[in-house]
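Here's the letter readout for the chains.
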Amino acid sequence: MKKIMVLPGDGIGPEIVDEALKIIDFFIEESNLDIRYEFGDIGGIAIDKYGIPLKDETLEMCKNSDAVLLGAVGGPKWETTEPGKPRPEDALLKVRKEMSLFANLRPVRIYKPLIDSSTLKREVIEGVDILVVRELTGGIYFGKRERVVSNEDIFAYDTELYHLYEIERIVKLAFETARLRRKKVTSVDKANILESSRLWRETVMRIHKDYSDIELNHMYVDNTSMQLIRNPKQFDVIVTSNLFGDILSDETAMISGSIGLLPSASLGENNSGMYEPIHGSAPDIQGTGKANPIAQILSLAMLFRYSLGLKREAGRIEAAVNQVLEKGYRTPDINTENGKLINTKEMGNLILEAASDLK
Ligand code: IPM
Ligand code: MG
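A short tour of the structure in this document, coming up.

Criteria and cut-off values
In every chain, residue numbers begin from 1 and rise along the written sequence. Chains carry letters from A onward and ligands carry numbers from 1 onward, assigned in written order. Local features in a predicted model are, by the rule used here, given only for residues with pLDDT of at least 70; side-chain atom pairs are given and counted only at 80 or more, and totals for whole chains, interfaces and linings are based on all residues. Side-chain measures were taken over the full set of non-hydrogen atoms in the model, leaving aside hydrogen atoms and water. For this purpose, a residue is taken to be near a molecule or strand whenever a single non-hydrogen atom of the residue falls within 4 Å of it. What qualifies as a polar contact is a pair of N or O atoms within 3.5 Å, subject to a donor-acceptor requirement within protein and to the restriction that residues adjacent in sequence count only when both atoms come from side chains. With residues, only the protein chains shown are counted as cover, and all accessible areas are computed by Shrake-Rupley using a 1.4 Å probe. Per the convention used, a helix needs a DSSP run of H or I reaching at least four residues, while a strand needs a run of E reaching at least two, with both numbered from the N terminus. Here the term charged refers only to Asp, Glu, Lys and Arg, the term nonpolar to Ala, Val, Leu, Ile, Met, Phe, Trp, Tyr, Cys and Pro, and the term polar to all other amino acids, Gly among them. Each domain's extent was defined by an automatic or database domain assignment. The classification of residues rests on relative accessible area computed with a 1.4 Å probe and restricted to protein chains. Under 20% of the type maximum is buried, over 50% is exposed, and intermediate values are partly exposed. Note on aromatic contacts: the rings of Phe and Tyr and the six-membered ring of Trp form a pair at centre separations within 6.5 Å, being stacked when their planes are under 30 degrees apart, edge-to-face when over 60 apart, and tilted otherwise. Ring-over charges, as used throughout, are those where CZ of Arg or NZ of Lys falls within 6 Å of the ring centre and within 35 degrees of the ring normal. Contact definition: two residues touch when any of their heavy atoms are within 4.5 Å. Criterion for a salt bridge: a side-chain nitrogen of Lys or Arg within 4 Å of a carboxyl oxygen of Asp or Glu. Only the contacting stretch of a helix is used when fitting its axis, a line to C-alpha atoms as for every element, and angles between N-to-C directions run 0 to 180 degrees. Under this scheme an angle from 65 to 115 degrees is roughly perpendicular, one under 35 degrees roughly parallel, and one over 145 degrees roughly antiparallel; angles in between are oblique. Put simply, a crossing is left-handed when the front helix is turned counterclockwise from the back one by less than a right angle, and right-handed when it is turned clockwise. Lining residues are those with an atom within 4 Å of a point, where the points come from a 1 Å grid over the protein atoms alone and group into cavities, where a 1.4 Å probe fits but cannot get out, or pockets, open sets with protein on both sides within 12 Å along at least five of seven lines. Grid points are joined across faces, edges and corners, and a volume is the space filled by probe spheres set on the points.

A word on the site of ligand 1. Around ligand 1 sit E89, L92, R96, R106, R134, Y141 and D246, and that is every residue in its neighbourhood. R134 has a polar side-chain atom sitting 2.8 Å from an oxygen atom of ligand 1. In the model, an oxygen atom of ligand 1 is placed 2.9 Å from a nitrogen or oxygen of the D246 side chain. If ligand 1 stood free it would expose 320 Å²; the protein chains cover 78% of that surface. For the shell around ligand 1, the element with the most residues is helix 4 (residues 88–98), which contributes three residues. Counted by class, the shell around ligand 1 contains two nonpolar, no polar and five charged residues. Counting contributing residues per domain, the shell around ligand 1 is built from domain 1 (1–100 + 262–359) and domain 2 (119–256), each supplying no fewer than three.

Below is the structure:
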């Protein structure tokens, strides 16, 4: 029996997770799959209920599952600049760290029918196919941070710290993944300034010796942010640190038209993983039916493929998304002039229908 831990979270999280669950239910029923799922609270909702964003018990359930499907966490209600206050985002970091999910894969593809929903020109983005490999359990997200208040001064700091083994494992994974793609890796750093980036770059160069079939280039992060909108087709696999990956993956998402389309997989040494859309909890559209469930549904497809070995089912979900978009159905974030405007549930149902017809 396979166990999936479902963490809907905050904002639009529960709405879009519901649509993904319809699809899990369908496949369980159709193919008699031995999959069970359980729910847990994470983020703001957990702060409201228990005073903390993640209970140990929920974390244990995540660790004991074959995969975690997450919606989104956070919202204005829990935003605070006060040090020491519980924050929804802390829970996400805790799951990533405690499950050792060091590799975050964020694929960016262009859906042909959506090419005109991007703010970039058609000729710039046509054919873009990028995989951002973001280091997820190290760097400034987890380094020491502090705010110091004294009579003379007030200051605050965060630490960007990378151990050699942390760089080695993510870089190897990037090279391995590139082998299954167009065999090109761009390593992004700020080695002209940061010591941690120099260690990063040196390590990439050394490991590259074992992957001489892969074309490698190094790029500073500021230049990368420019190159991504100037000529995104030059990229295949981008490998980078936690913070740079966070920032660049939002930018990369915009190439595809909407951040509401992009799934992600966070993986560790074994097959377990956490799967979540790369977008946030979008509290501004919570409960309006405007949320796009596609990123969540595609995250489920990644979960099927990577953690459950259900490759055919994953392929059917992805093909179904494509079909529905091709037929012109659109949630507001991707709507264009001739689009057929629909809501979250309708989008979920259409994808489900298409997936079931694709048998
Ligand atoms: C992401 C998000 C998270 C991050 C937040 C919600 C903590 O922006 O997954 O990209 O910064 O990693
Ligand atoms: Mg982010």
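Moving on from the model shown.
Bringing unusual backbone geometry into the picture now. A positive phi angle, near 55 degrees, is found at N32, a position not held by glycine. The residue N32 is located in the loop between helix 1 (13–31) and strand 2 (35–39) in this model. Non-glycine residue S100 carries a positive phi angle of around 55 degrees. Counting through the fold element by element, S100 comes out in the loop between helix 4 and strand 4 (103–109). A relative accessible area of 39% means that S100 is categorised as partly exposed.

To continue, consider the packing of aromatic side chains. If you walk through the whole model with that rule in mind, you get five aromatic pairs. The interplanar angle of 65 degrees and the centroid separation of 5.0 Å between the aromatic rings of F26 and F27 together place this pair among those described as edge-to-face. Taking relative accessible area as the criterion, F26 reaches 19% and is therefore assigned buried. When the ring of Y37 is compared with that of F39, the centres are 5.8 Å apart and the planes differ by 90 degrees; the resulting orientation is edge-to-face. On the accessibility criterion, Y37 (24% relative accessible area) is partly exposed. Given the relative accessible area of 48%, F39 is considered partly exposed. A connected cluster of aromatic rings, assembled from ring pairs, spans F26, F27 and F304. Above the plane of the ring of Y50 lies K55, whose end atom (NZ or CZ) is 4.0 Å from the centre. Taking the ring centre of F142 as reference, the NZ or CZ of K97 above it sits at 4.7 Å.

With that settled, the discussion passes to the environment of A174. With respect to the element layout, A174 can be found in helix 6 (residues 164–179). Considered as a pair, A174 and E160 are 14 residues apart in the sequence and their alpha carbons are 21 Å apart. Ignoring anything within four residues of it in the chain, the contact list for A174 reads V133, V185, V237 and V239.

In this section: the pattern of salt bridges. Side chains bearing opposite charge may pair, as long as their charged atoms lie close to each other. Going through the model one piece at a time under the given rule, you end up with 24 salt bridges. The salt bridge partner of K55 is E57, with a shortest N-O separation of 3.9 Å. A relative accessible area of 23% means that K55 is categorised as partly exposed. Since its relative accessible area comes to 52%, E57 is described here as exposed. A salt bridge links D116 to R122; the nearest nitrogen and oxygen atoms lie 3.3 Å apart. Note on R122: relative accessible area 38%, which makes it partly exposed. It is possible to trace a salt-bridge network through shared partners that takes in D129, R181, R182 and D236.

Further remarks concern the packing of helix 10 (residues 294–306) against helix 11 (residues 311–326). Here helix 10 crosses helix 11 at 160 degrees, and the two axes come no closer than 7 Å. The pairing of helix 10 with helix 11 is recorded here as roughly antiparallel in orientation. Handedness of the crossing formed by helix 10 with helix 11: left-handed. Residues I294, I297, L298, L300, A301, F304 and R305 of helix 10 lie in contact with helix 11, whose contacting residues are K311, E313, A314, G315, I317, E318, V321 and L325. A breakdown of the residues in the contact of helix 10 with helix 11 according to their chemical character gives ten nonpolar, one polar and four charged.

Turning next to empty space enclosed by the protein. Counted by the stated rule, this structure contains one cavity of 30 Å³ or more. In this structure, the largest cavity occupies an estimated 70 Å³ of space. Along the walls of the largest cavity sit E160, Y162, V188, D189, L194, S196, S197, W200, S241 and F244, which together make up its complete lining. For the lining of the largest cavity, the secondary structure elements donating two or more residues are strand 8 (184–189) and helix 7 (195–208). For the lining of the largest cavity, the element with the highest residue contribution is helix 7, accounting for three residues. Of the residues assigned to the lining of the largest cavity, the class counts are five nonpolar, three polar and two charged.

Limitation: the analysis is restricted to geometry and does not speak to function.
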